[in-house]
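Structural features, examined
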Amino acid sequence: MTSNREKLVLIGNGMAGVGTIEQILKLGGAYDITVFGSEPHPNYNRIMLSYVLEGSKTVDDIILNDRNWYKDNGITLHTGTTVTRIDGDKRQVIAENGLTAHYDKVIIATGSNSFILPIPGSTKEGVVGFRDISDCEAMLEAAKQYGKAAVIGGGLLGLEAAKGLVNLGMDVTVVHLMEDLMERQLDHTAASMLKAELERQGVKFAMGKQTVELTGDERVSGLRFNDGTELEAQFVVMAVGIKPNVAVAKDSGIEVNRGIVVNDYLQTSLADVYSVGECTEHRGVCYGLVAPLFEQGTVLAKYLCGVETKPYEGSVVSTKLKISGVDVFSAGEFIDTPEHTVISAKDDWKRTYKKILLKDNLIVGAVLFGDVTESASLQKLVKQGAEMTDDIYADVMGTGCCGGGGAKKTASVESMSDEEIVCGCNGVTKKAIVDAITENGFTTVDEIKACTGATRSCGGCKPVVEQILQYVLGDGFEQSMKTGICGCTTLSRDEIVAEIRAKGLTTTKEVMNVLGWKQEEGCSKCRPAVNYYLGMIYPDTHKDEKESRFVNERMSANIQKDGTFTVVPRMYGGVTTPEDLKKIADVSIKYDVKVVKVTGGQRLDLIGIKKEDVPKVWEELDMPSGYAYAKSLRTVKTCVGSQFCRFGTQDSMSMGALLERKYERLDFPAKFKMAVNGCPRNCAESCTKDIGIVGNDGGWEVFIGGNGGIKPRIADSFCKVKTDDELVEICSAVMQYYRETGNYLERTSEWVERMGLEHIKTVILDNEEERKALAQRIDFALTQVQDPWKKMLNDGATRSALFEATEIR
Ligand SMILES: Cc1cc2nc3c(=O)[nH]c(=O)nc-3n(C[C@H](O)[C@H](O)[C@H](O)COP(=O)(O)OP(=O)(O)OC[C@H]3O[C@@H](n4cnc5c(N)ncnc54)[C@H](O)[C@@H]3O)c2cc1C
Ligand SMILES: NC(=O)c1ccc[n+]([C@@H]2O[C@H](COP(=O)([O-])OP(=O)(O)OC[C@H]3O[C@@H](n4cnc5c(N)ncnc54)[C@H](O)[C@@H]3O)[C@@H](O)[C@H]2O)c1
Ligand code: SF4
Ligand code: FES
């Protein structure tokens, strides 16, 4: 049956094109729609490829519109089909494989291709761009086989690719042409801070280098630069920019410059043919970020649906680098000239930088590093070209009086127009968010994300979404911000803990029943959390619910990607004996341990043990479990200290061993690491530990809240003590206070930030009675712990269920 609706053909199944189609559907546009896409996948979120590479998302996670979506909306989809030409006379779109489609209207949204430097060797095996799922898969594969990678280009893409490859364990060097990274978004100060931070995270840099050749036989083996120097690399990512994909337009006789030339209604030079996205050139500009593409799509969708619309007049762009622990933001102009008035603040200790540029007192640009809390406000102010006032200054430079900020921010949200796009990555307007809140009674950003898509990509819009939530909910906002440890309950962690205590609840099942969980059985998020809270509240009577724990904790060993396990025996303070070493060697040989690895916490990790051998290895080692799998005290790292080191003023090895013996086996909200140093030279790196201890002439200094992981944080100095007993008491009080107030899975680095260092000091240092009470409570909890390996060896049923069954779930 043929329909008499107009036929709309989309060429390019990417974010810009499909985003426009989504808007046309929302506006009720009566079209028969056909989509052609070169890639074999339905529309996915290209932005999130950085997270796929980094390992925090899978390809399935980033699909935006699955095949059912096309079916449900009556859209004919041809994936893996490249269009070659539009025949304007016959009004046909023609694909490479001979498929044709009649059209009344066509949208070209063919995006860009990676720019590959035209240098000798650039077609060798092992050289890729970073643009699509197949590039990402090539990178993941390469990381398994090769050690050294080079990323050419220190722009947004190159830096995200480099960090992803570092996370995959590669030795990565970013080769950059200029002296400053991200020179299209950052000034020299911010670029230098960014480079230092990325170096701390393991990325290497070769700056001011022009690559003239990629060397090697079939496969690349290195880079040669114009100064004659070379760099070894078995894998090369080119991230030196993009080239608008104009092939279809060009071969159809459409006017093309750098991109496909369009007017303010996105019309090309060929009648009824429109263009949106990265392939488009509007008023001489081709964009490379999604926010402008959605703005173009909004205008085009309205135009095609006959809805009144303003013309598209261009976009003001802002950027956010998606690397955890590196907060960078840039909007509008960023290099100061004599025409600008510059407002800037740099804090070398906190490693933050803020610069705002004014022209004739109008805000024309901003750069932030380290602290990007003002990014949403600044983005809006730059976009509006707002006039700088005392109020705005106080707001964005943080000099206003306490308490005013929140009100001002909701006021600024109030003044936004309904159609203003809040989430540039996903094209979500203020109205869509307000409607989602009012129509569905949403109270959290997560609910808004699931419904509208806002915040699901770079996360840069989260502060504004929160402000809208605050503006719509008014007084209800404070309440809603506290709620929900997961989707199964609206109760916060504090409320759950209070209810458990008040009502004397004793099992996770009871907690979920009595407190009205939406899902009877809970979920993988709340079950382990509630099990932990119960154990913390009733250390002597709570029966640990193994089934609520993560697999590694249930097995008391870490499962590896090939299905084998690792075993890490306890070595108090990182000190061992020749006898224990011999035992470890004998057991490793007997059970064919593939690798013995010295860990960052100074332990020996026996890797590659078969599941059925794990209990036998424990039995024959006859050493305590090192808890390398647990949310518990992992290790106390020590330096050699005063026993042997000529600088040592304190006996760090003995103190480390004492602390490890005392606190081992106890459950914490998250893993817990300590270090003890004999003097301020700090060889055992106290600054990145949950509790770091540094010896000095008069005693010890205690640091808390350090973390060296994915979100590095330098520990805060907490206090100085004179005696070993005082030190132990402080450690006990800090640990117990964290156990009692920490959210499950919250590391101390986040806990300290949330609770406030001064608050923790007040509770523990200023209040001797409370300090002693906390220390007593942890001592009591410690009397209840048992070694899990020994316990399992004596429990035949659990042992055979866990280690003889074939499946681990
Ligand atoms: C790793 C990575 C991270 C990024 N991160 C961000 C970010 O954080 N923030 C941000 O704003 N932007 C980011 N971007 C840029 C953003 O993804 C792009 O701006 C956006 O995806 C462009 O959308 P588009 O639809 O114009 O083009 P594309 O997404 O490239 O879509 C075009 C589609 O058309 C197909 N096609 C091309 N020619 C034809 C043809 N002849 N026939 C049929 N199909 C064809 C292509 O195969 C492609 O699937 C990132 C890009 C990458 C690669
Ligand atoms: N977080 C984000 O917003 C994000 C992330 C990834 C990609 N993107 C977008 O994807 C697109 C591609 O990103 P990109 O970083 O490749 O583009 P880009 O143009 O922003 O950066 C390319 C960088 O490569 C450098 N360069 C150029 N030639 C070089 C050479 N011969 N040797 C060494 N360095 C050289 C340039 O100086 C520039 O800094 C851009 O549009 C970008 O905005 C955005
Ligand atoms: S921290 Fe001080 S005492 Fe410990 S090993 Fe280093 S120099 Fe020696
Ligand atoms: S702006 Fe990137 S997720 Fe919203």
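Residues numbered from 1 in each chain as written. Chains lettered and ligands numbered in written order. Predicted model: local features only at pLDDT ≥ 70, side-chain atom pairs only at ≥ 80, totals over all residues. Heavy atoms only, no water.

1. A closer look at the sheet that holds strand S2 (residues 31–36)
Pairing in this open sheet of five strands is parallel, and the strands run S3-S2-S1-S7-S19 from one edge to the other. Strands at the two margins of the open sheet, each flanked by one partner only, are strand S3 (76–78) and strand S19 (273–275). Within this sheet the neighbouring strands show an average axis-to-axis angle of 20 degrees, counted without direction. Pairing geometry for S2 and S3, over three bridges, is parallel. Within the sheet, the bridge partner assigned to Phe-36 lies in S3 and is His-78. (Pairing = 2+ DSSP bridges. Helix = DSSP H or I, 4+ residues; strand = E, 2+ residues; numbered from the N terminus. Axes fitted to C-alpha atoms, helices over the stretch in contact; angles between N-to-C directions.)

2. Some details on the environment of Ala-454
With respect to the helices and strands, the residue Ala-454 is situated in the loop between helix H13 (445–452) and helix H14 (462–473). According to the relative accessible area criterion, Ala-454 is buried, its value standing at 0%. Residues Ala-454 and Val-465, eleven residues apart in the sequence, show an inter-C-alpha distance of 7.7 Å. Filtering out sequence-adjacent residues up to four positions away, Ala-454 remains in contact with Cys-423, Val-428, Ile-433, Lys-449, Cys-461 and Val-465. (Buried < 20%, exposed > 50% of the residue type's maximum accessible area, 1.4 Å probe, protein only. Contact = heavy atoms within 4.5 Å.)

3. As for the UniProt feature "binding site: siroheme" (unreviewed entry) in the protein
Residues annotated by UniProt as "binding site: siroheme" (unreviewed entry) correspond here to Cys-683. Within the element layout of this structure, Cys-683 appears in the loop between strand S33 (672–677) and strand S34 (691–696). Note on Cys-683: relative accessible area 60%, which makes it exposed. What Cys-683 contacts, discounting residues up to four positions off in sequence, is Cys-639 and Asn-677. (UniProt positions renumbered as here; feature names shortened; annotations may be inferred.)

4. Points about the pattern of salt bridges
What the rule picks out here adds up to 50 salt bridges. With a shortest N-O distance of 2.8 Å, Glu-278 and Arg-131 are connected by a salt bridge. Taken together, the residues Glu-278 in the loop between S19 and strand S20 (280–282) and Arg-131 in the loop between strand S9 (127–128) and helix H4 (133–145) connect sequence positions 147 residues apart. One exposure class covers both Glu-278 and Arg-131, and it is buried. In this structure, Arg-777 and Glu-740 form a salt bridge, with 2.7 Å as the shortest nitrogen-oxygen distance. With Arg-777 in helix H26 (residues 768–782) and Glu-740 in helix H23 (residues 724–741), the pair connects residues that are 37 residues apart, well separated along the chain. Residue Arg-777 is classed as partly exposed on the basis of its relative accessible area of 34%. Residue Glu-740 is classed as buried on the basis of its relative accessible area of 15%. What you see here is one network of salt bridges that share partners, running through Arg-570, Arg-603, Glu-660, Glu-664, Arg-665 and Asp-787. (Salt bridge = Lys/Arg side-chain N within 4 Å of Asp/Glu carboxyl O.)

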